[in-house]
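A closer look at the structure
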Amino acid sequence: MPTTAQEIATLRKERNAVILAHNYVTGDIQDIADFTGDSLELSIRAKEIKAPVIVFCGVRFMAETAKLLSPHSTVLLPNLYSGCPMADMADPSEVAAYRKANPDTVLVAYVNSTAEVKAQVDICCTSGNAEKIIRSIPPEKKIMFLPDRNLGANMRNKLNRPMELWEGFCPTHNKVTVEMVREARRLHPEAEVLVHPECTPEVVAEADDSLSTGGILRHVRESAKTQFIIGTETGILHRLQKENPGREFFCLQPEMLCPNMKKITLREVADALADMRNVIELSPELMERAVLPIERMLAVK
Ligand code: 13P
Ligand code: SF4
């Protein structure tokens, strides 16, 4: 009897499929993926991919982005219930009303947003390129940053650029407190503290650096330090430990779990491939509009 991983290997060949995984999904899925990365890296991969089938192991907005950038591929999301609560905090009708009332404001949407919201904004960004994207907007322009008030405030502080912020947040990152950072430092005084910019500005100020998940992996690779306190979803520990033997990683908060990222199982990946089920469907009109801010983001040099 073949294992589920062997079943996936056979089906992947039959379907000529590529499996993409986010750094937060469970280790067994990261291990069978063709590519594991952060939102920006996965967007770039999705655009390059010519495969007829993409299995996206992450949350819905990521699979939608893959579909927008690879419109001729069939994109499967193994568990259609893996959403992102932060993305759902920007309601498309409220964004439309804001746009109407503020026609001169540039709307910058974190890629953690629905396709319906992307269809109404000027440009997207990820945590890996937010700084570059905001710098590309002429300084005299007003900006509304949505939906993550924390990433927005962290960029506002870093770039000293006024921006209006939407009231969204990531429940997983928003619950980290300054006291947690201090306690982790007390326990591991030699360790470098790396957090995700979806944490609050107070937590970011207390950390040594704030980086995207891909940025954390690169930073550790290039660092001379041997101990790290990691302030993001614990799924990233899988790659950190695998790629950096001999170094020590401590979770800033062991409960930093994204329940949605953890919904996908190997069984669901196999079933999605076997039955070609859980296809991401977006109307052609929506796709035409929603891809524009992502293309603009990728075009910023
Ligand atoms: P990254 O783009 O840094 O991987 O982050 C995605 C995300 O959802 C963080 O919560
Ligand atoms: Fe959304 Fe937060 Fe999960 Fe990232 S970690 S997918 S922002 S809920």
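Presented here is a report on the structure given in the accompanying data block. For every chain, the first residue of its written sequence is number 1, and the numbers climb from 1 along that sequence. Written order determines the labels here, with chains lettered from A and ligands numbered from 1. In keeping with the predicted nature of the model, local features appear solely for residues at pLDDT of at least 70, side-chain atom pairs appear and are counted solely at 80 or more, and the whole-chain, interface and lining totals rest on all residues. Side-chain metrics rest on all non-hydrogen atoms present in the structure, leaving aside hydrogens and water.

**Examining the overall build of the chain**
Where we set the bar: A run of DSSP states H or I qualifies as a helix once it reaches four residues; a run of E qualifies as a strand once it reaches two. Both are numbered from the N-terminal end. The globule rule is 2.2 Å times the number of residues to the power 0.38, and the radius of gyration it is compared with is taken over C-alpha atoms. Summary of the burial criterion: residues with accessible area below 20% of their type's maximum are buried, those above 50% are exposed, and those between are partly exposed, where the area comes from a 1.4 Å probe applied to protein chains only. Contacts are residue-level and defined by heavy atoms, with any inter-residue pair within 4.5 Å sufficient.
Secondary structure summary: the chain contains 15 helices and twelve strands in total. A compact globule built from 301 residues should have a C-alpha radius of gyration of about 19 Å, and the chain, at 19 Å, falls within 12% of that. Taken along its principal axes, the extent of the C-alpha atoms in the chain is 55 × 50 × 30 Å. Across the 301 residues of the chain, 57% fall into the buried class. At a minimum sequence separation of 6, the contacts of the chain that also span at least 24 residues come to 62%.

**Looking at helix H15 (residues 284–299)**
Every α-helical turn comprises 3.6 residues, leaving residues that sit three or four positions apart pointing alike. Put simply, the test is: Expected helix span is taken as 1.5 Å per residue step, with the number of steps being one fewer than the number of residues. Take the seven residues that end at a residue and the seven that start at it, fit an axis to each, and the angle between those axes is the bend at that residue.
Between its first and last C-alpha atoms H15 spans 22 Å; for 16 residues at 1.5 Å apiece the expected length is 22 Å, and the two agree. The largest bend along H15 reaches roughly 30° and is located at leucine 292, with the proline proline 293 sitting one to four residues downstream. Buried within H15 are the following residues: Leu286, Met287, Ala290, Val291, Pro293, Ile294 and Met297. Buried residues belonging to H15 abut helix H3 (39–48), helix H4 (60–69), helix H6 (115–118), strand S6 (123–125) and helix H7 (130–135).

**Notes on the sheet that holds strand S10 (residues 209–210)**
For the record, the criterion: Being paired, for any two strands, means DSSP has found at least two bridges between them. To define axes, lines are fitted to C-alpha atoms, for helices over the stretch in contact only, and angles between the resulting N-to-C directions are given on a 0 to 180 degree scale.
Taken in spatial order, the four strands make up an open sheet running S10-S9-S11-S12, and their pairing is parallel. The sheet terminates laterally at S10 and strand S12 (248–251), the two strands that pair on one side only. Relative to strand S11 (residues 227–231), strand S9 (residues 192–195) runs parallel, the two being bridged by four bridges. Residue pairing in the sheet places valine 195 in a bridge with glycine 231 of S11. In the packing of helix H12 (residues 213–222) onto the sheet, contacts are made with S9, S10, S11 and S12, and the angle to S9 comes to roughly 160°.

**Quick notes on the nonpolar core**
This is how it is decided: In this text, buried Ala, Val, Leu, Ile, Met, Phe, Trp, Tyr and Cys residues form a nonpolar core when linked through side-chain atoms within 4.5 Å.
Judged by nonpolar contacts, the single largest core of 85 residues is most densely connected at Leu20, Cys57, Phe145, Leu146 and Val269. The residues contacting leucine 146, other than those within four sequence positions of it, are Ala90, Val95, Leu107, Val108, Ala109, Tyr110, Val117, Val121 and Trp166. Counting residues in hydrophobic clusters, the runner-up holds 15 residues, among them Ala184, Val193, Val203 and Leu252.

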